[in-house]
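# Residue-level structural notes
Residue-level listing of the chains:
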Amino acid sequence: QVSELVQFLLVKDQKKIPIKRADMLKNVIREYRDAYSEIVNKAGKTLQEVFGLQLVEIDSKRHTYILINNLPCAEGKYLCRDEEKEKMGLLLIILSFIFMKGNSVKDSALWEFLHLLRVYPGRQHQVFGDVRKLVTEEFVRQKYLEITPIPLTDPQEFKYQWGPRAEKEISKKDVLNAVAKIQGKDPTFWSSQYSEAEATR
Amino acid sequence: NTVMAAQMTDAHRRFLQVLMSNGITEGSEARKLHQHCCETDKVYYAHDKLDDFISTINSHLQPLFMQIRKGISEDDGRAHYAVVNLAETEVTKMASDYTEMELELFRKTMDLIILSENGFASSTDILNLADQLKTRKMKKKEAEQVLKVFVEDKWLSEKNGEYTLHTRCIIEMEQYILSNYQDVARKCNICHSLAIQSQVCESCGIGMHLPCVRKYFRGQAEPRCPKCNEFWYCDTP
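These numbers were taken from a predicted model, which means no experiment stands behind them.

## As for the overall build of chain B
- A tally of helices and strands in chain B yields nine helices and 10 strands.
- For chain B, the residues scored as buried account for 48% of the 237 residues in total.
- Residue pairs at least 24 apart in sequence account for 52% of intrachain contacts in chain B once pairs closer than 6 positions are excluded.
- Of the roughly 12,400 Å² of accessible surface on chain B, a fraction of 47% belongs to carbon and sulfur atoms.
- Placing the 29 positive and 34 negative side-chain charges of chain B at their respective mean positions leaves the two points 2 Å apart.

Next up, the structure:
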């Protein structure tokens with residue numbers, strides 16, 4: 001059962017779609033329901049030991065899980081295919097922007113920022129294609145971004161924040177250091193971001 | 001000379017993660033990756049110890065019914081590595097990525113390729129198959145798009161409008177093919193692995209991989225069949 005669950009989780013996670021407990025029970029654990037937590041624990045240990053992946057529950061109400069990469073970050077060269085690398089690049093820029101702006105930005109602010117990088121929501125981008133879809137659908141589905149409507153706004157406005165996968169996979173310290181490097185300043189220049197970065201991990 | 005189940009280090013885990021996300025990794029790339037992983041995770045590195053490195057990972061993958069397997073490309077004879085699922089009974093690895101209809105097209109294409117003389121199926125023949133699927137008829141444009149995806153995902157490879165199985169597919173599905181196409185699937189007379197693209201002896205019918213043929217006939221004045229000794233009529237590659 002454990003090996004079946006491990007494979008199930010690997011396949012599901014390949015697509016970066018969060019895994020629901022219900023799916024695990026139905027497809028893999030089936031009649032061994034009583035041993036559910038034991039099987040899941042063992043699978044988690046195996047994933048860590050053999051693959052360096054950590055099974056993390058991101059929603060304790062709806063019992064959804066993701067696998068995050070537990071290996072210390074290496075230079076990106078071998079990490080993923082080119083297309084993935086480019087998407088990750090864009091994602092990191094967006095996440096940095098959100099973090100430096102105090103962890104939450106309005107959609108208008110984000111798209112204005114992306115304009116500066118010649119990335120426009122209405123136009124097909126050479127590399128990213130439909131950027132609006134990538135940011136508002138794919139990154140959200142993968143739990144890298146969280147987009148929530150701001151109440152009492154007309155026309156409807158949205159706020160963008162880090163999603164649970166970003167919180168777990170990406171180090172705020174690394175983000176701050178990168179921004180500091182680009183701007184030629186010391187990370188402590190941004191005191192609230194600095195203390196937040198030190199506090200997480 | 002058994003390798004004791006050595007400990008997995010982060011270098012092993014990193015190597016495995018990259019191999020899995022690549023789908024298939026060519027030999028020299030794998031060696032570079034081995035070095036990169038050992039350097040990144042500060043693990044002892046010896047350039048000729050790739051096989052041992054992989055054995056360590058495999059000893060931990062064994063209880064999960066997975067293995068890193070090495071296969072030889074039928075085109076250039078180069079080694080490639082892929083992570084395969086040993087418990088696979090069908091094209092289950094693909095099952096989560098494609099629709100029922102696409103899988104049916106793939107299975108039928110695989111039939112055509114394996115049953116063919118030279119290991120290739122023409123795009124015309126495949127498009128005809130698409131028109132006769134049980135799930136529902138697939139239009140020409142749709143089928144062309146699906147074939148493109150199969151090539152991108154490295155299940156098929158395309159040459160001059162004809163399709164054969166990609167090295168990745170052969171590594172991953174060798175057991176499946178040998179057991180499900182027992183009477184038809186050819187094994188190379190030299191290396192005894194599954195042969196999809198092959199040259200066949202006109203007299204006795206044995207088959208050989210093109211790279212294997214090349215190696216075997218190197219330095220021989222006259223190419224002759226290793227089994228029946230008749231003159232080998234195919235062009236030696």
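Next comes the rest of the description.
## Observations concerning helix α5 (residues 107-116) of chain A
Residues and elements named next belong to chain A.
- Here α5 has its buried residues at D107, L110, W111 and L114. In an axial view of α5, the angular spread of the buried residues amounts to 90 degrees, which keeps them on one side of the axis. Of the residues in α5, the exposed ones pointing more than 90 degrees away from the buried face are E112 and L116.
- Of the residues one or two after α5, R118 is the one with positive phi, at around 65 degrees.

## Quick look at the pairing of strand β8 (residues 157-162) of chain A
All names here are of chain A.
- Direction of pairing for strand β4 (residues 105-106) relative to β8: antiparallel, over a ladder of two bridges. By the bridge assignment, V105 is partnered in β8 with Y160.
- As judged from the six bridges shared by strand β7 (residues 145-150) and β8, these two strands associate in the antiparallel manner. Bridge pairing in β8 links I150 to E157.
- Once β7 ends, the chain turns through six residues before running back antiparallel as β8, passing L152 with a positive phi of about 60 degrees.

## Some words on a nonpolar patch on the surface
Residues and elements named next belong to chain A.
- On the surface, I93, L116 and L117 cluster together into a nonpolar patch covering about 290 Å² of accessible area.
- If you trace the backbone, I93 turns up in helix α4 (residues 82-100).
- According to the relative accessible area criterion, I93 is partly exposed, its value standing at 35%.

## Comments concerning the interface of chain A and chain B
- Contacts between the two partners involve 21 residues from chain A and, on the opposite side, 25 residues from chain B.
- Both faces combined, the contact of chain A with chain B buries some 2,000 Å², and carbon together with sulfur accounts for 56% of it.
- Residue R13(B) pairs with E49(A) through a salt bridge whose shortest N-O separation is 3.7 Å.
- Between the two partners, chain A and chain B, sit seven residue pairs in polar contact (both at pLDDT 80 or more).
- For the side of chain A that touches chain B, the secondary structure elements donating two or more residues are α1 (2-14) and α3 (36-51) of chain A.
- Among the elements that line the side of chain A that touches chain B, the one with the most residues is α1(A), at six residues.
- Looking at side-chain class alone, the side of chain A that touches chain B contains 11 nonpolar, seven polar and three charged residues.

## Remarks on the domain arrangement of chain A
Residues and elements named next belong to chain A.
- The domain architecture assigned to chain A consists of domain 1 (1-70) and domain 2 (80-169).
- For domain 1 and domain 2, the distance between their C-alpha centroids amounts to 28 Å.
- Contacts between the two partners involve 10 residues from domain 1, matched on the other side by 10 residues from domain 2.
- Where domain 1 abuts domain 2, roughly 820 Å² becomes buried across the two surfaces, and 64% of that area is made up of carbon and sulfur atoms.
- On the domain 1 side of the interface with domain 2, the three residues burying the most area are K16, I58 and I68, jointly 57% of the side's total.
- Inspection of the domain 1/domain 2 interface yields one salt bridge.
- Where D13 meets R165, a salt bridge forms, and the shortest distance between an N and an O atom there is 3.9 Å.
- The interface formed by domain 1 and domain 2 holds one residue pair in polar contact (both at pLDDT 80 or more) in total.
- For the side of domain 1 that touches domain 2, the secondary-structure elements that each account for two or more residues are β2 (53-59) and β3 (64-69).
- Looking at the side of domain 1 that touches domain 2 element by element, the count peaks at four residues for β3.

## Considerations on the environment of I58(A)
- Take I58(A): it is sitting in strand β2.
- Residues I58(A) and Y194(A), 136 residues apart in the sequence, show an inter-C-alpha distance of 25 Å.

## Comments concerning the domain arrangement of chain B
Residue and element names in this part refer to chain B.
- Per the domain assignment, the segments of chain B are domain 1 (10-64), domain 2 (91-174) and domain 3 (185-236).
- Taking the mean C-alpha position of each, domain 2 and domain 3 sit 27 Å from one another.
- The interface is formed by 12 residues belonging to domain 2 together with seven residues belonging to domain 3.
- Together, the buried faces of domain 2 and domain 3 total about 720 Å²; carbon and sulfur atoms form 58% of this surface.
- For the pair domain 2 and domain 3, the interface holds zero salt bridges.
- Seen at the junction of domain 2 and domain 3, the total is two residue pairs in polar contact (both at pLDDT 80 or more).
- For the side of domain 2 that touches domain 3, the elements supplying multiple residues, two or more each, are α5 (100-115), β6 (162-165) and α8 (167-180).
- Grouping the constituent residues of the side of domain 2 that touches domain 3 by class yields five nonpolar, four polar and three charged.

## Re the nonpolar core
- Ranked by size, the top nonpolar core spans 41 residues in total, and within it L5(A), F51(A), F15(B), L61(B) and I68(B) carry the most contacts.
- Sorting elements by how many residues they give to this core places α3(A) first, with seven residues.
- Those residues in contact with I68(B) that lie beyond four places of it in its chain are F15(B), L16(B), L19(B), I54(B), I57(B), N58(B), L61(B), Y81(B), A82(B) and V83(B).
- Core analysis: the second largest hydrophobic core is formed by 34 residues, L103(B), F150(B), L156(B) and A185(B) among them.

Conventions and cut-offs
Residues numbered from 1 in each chain as written. Chains lettered and ligands numbered in written order. Predicted model: local features only at pLDDT ≥ 70, side-chain atom pairs only at ≥ 80, totals over all residues. Heavy atoms only, no water. Helix = DSSP H or I, 4+ residues; strand = E, 2+ residues; numbered from the N terminus. Buried < 20%, exposed > 50% of the residue type's maximum accessible area, 1.4 Å probe, protein only. Contact = heavy atoms within 4.5 Å. Areas by Shrake-Rupley, 256 points an atom, 1.4 Å probe, with all protein chains shown as cover. Lys, Arg positive; Asp, Glu negative; His and termini not counted. Charge placed at Lys NZ, Arg CZ, Asp CG, Glu CD. Arc of directions from axis to C-beta. Pairing = 2+ DSSP bridges. Patch = residues over 30% accessible without salt bridge, like charges linked within 9 Å, V, L, I, M, F, W, Y side chains within 5 Å. Salt bridge = Lys/Arg side-chain N within 4 Å of Asp/Glu carboxyl O. Buried area = accessible area lost by both parts, 1.4 Å probe. Polar contact = N/O pair within 3.5 Å; in protein donor to acceptor, adjacent residues only side chain to side chain. Nonpolar A, V, L, I, M, F, W, Y, C, P; charged D, E, K, R; others polar. Domains from an automatic or database assignment. Core = buried A, V, L, I, M, F, W, Y, C linked by side-chain atoms within 4.5 Å.

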